[in-house]
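# Coordinates in review
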Amino acid sequence: MANACARARRDPATVKLLAVTKVFGPESILDAYALGLRDFGENYVQEMERKAPAVSALGEARFHLIGHLQSNKTKKALQLFTSIDTIDSTKLAHKLATERLDMETPVVEAAPVEAMIEVRLSHEENKSGADPAGLSAIVSAIRASKHLKLTGLMAVPPWSEDAELSRPYFAQLRALAGEHAIPELSMGMSNDLEVAIEEGATWVRVGTALFGRRKKA
Ligand SMILES: *Cc1c(COP(=O)(O)O)cnc(C)c1O
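Right, let's walk through the structure included here. Because the structure is predicted, anything quoted here is derived from the model rather than measured.

## Observations concerning the site of the ligand
- Around the ligand, the surrounding shell holds 13 residues, and the nearest of these are Lys22, Asn43, Ser190, Thr208 and Arg214.
- A distance of 2.9 Å separates a nitrogen atom of the ligand from a polar side-chain atom of Arg205.
- Within the side chain of Thr208, an N or O atom sits 2.5 Å from an oxygen atom of the ligand.
- Protein coverage of the free-state accessible area of the ligand, which is 390 Å², stands at 89%.
- By residue class, the composition of the shell around the ligand is six nonpolar, four polar and three charged.

Shown next as structure tokens:
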């Protein structure tokens, strides 16, 4: 990350590390927290639910949902995550906003949940994310609710050995964020995070390079 920031003449403080702990047990989160990491990414609501009791004492830990969110899991997701990074429809945005409101009590106003929109930039079948053509509507839906705070765009380009092949996708995401004045860009994983930083990433999501290979589930 430091090397990429130096090459791109960027202040390293403008790029944050999201430690992706999917598949690994809660002890990996505890270890990483002890080393100073504070932001963690999980792909599944149920997996986070299993780990939550073991990590509940980590006062400064923040958890991001980076996997596809099914509409029947929104309530749970709102209880477990500080940021939902994979909103991909206006319907999902509305459902999250409504359920956040339901979490309010007469004396406690529910803080907005941070939200990112996942954009599908390639034409791969069965890939999640919003079509760029539908982005404006989702941006408006999120910005219309005081229970959601739009922080960024997120994308996962098609996987490749060659990180350079990710570059045009990253540039495209940056352009979309610029059009909508969205500040954060979550892009880049273990294999292509340096290219992502050169293209403007403010979050890189790193699993393998921090924790080692994941065992197949
Ligand atoms: C698993 C995953 C990552 C981390 O990938 P690595 O290649 O292990 O760094 C990042 N983002 C998403 C959405 C993932 O599912």
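## Quick word on the environment of Pro112
- With respect to the helices and strands, Pro112 occurs in the loop between helix H5 (90-102) and strand S5 (113-118).
- Taking the C-alpha atoms as reference points, Pro112 and Trp203, separated by 91 residues in sequence, lie 20 Å from one another.
- In contact with Pro112, not counting residues within four places along its chain, are Arg100, Lys146, His147, Leu148 and Lys149.

## Some details on the nonpolar core
- By size, the foremost hydrophobic cluster in this structure holds 56 residues, and its most contacted members are Phe81, Ile84, Ile117, Ile142 and Leu153.
- Per-element accounting of this core gives the leading share, five residues, to helix H6 (residues 135-143).
- Setting aside residues up to four positions removed in sequence, Ile84 forms contacts with Leu65, Leu69, Ala77, Leu96, Val113, Glu114, Ala115 and Met116.
- Val20, Ile66, Met116 and Trp203 belong to the second largest nonpolar core, which has six residues in total.

Rules and cut-offs
- Residues numbered from 1 in each chain as written.
- Predicted model: local features only at pLDDT ≥ 70, side-chain atom pairs only at ≥ 80, totals over all residues.
- Heavy atoms only, no water.
- Near = heavy atom within 4 Å.
- Polar contact = N/O pair within 3.5 Å; in protein donor to acceptor, adjacent residues only side chain to side chain.
- Areas by Shrake-Rupley, 256 points an atom, 1.4 Å probe, with all protein chains shown as cover.
- Nonpolar A, V, L, I, M, F, W, Y, C, P; charged D, E, K, R; others polar.
- Helix = DSSP H or I, 4+ residues; strand = E, 2+ residues; numbered from the N terminus.
- Contact = heavy atoms within 4.5 Å.
- Core = buried A, V, L, I, M, F, W, Y, C linked by side-chain atoms within 4.5 Å.
- Buried < 20%, exposed > 50% of the residue type's maximum accessible area, 1.4 Å probe, protein only.

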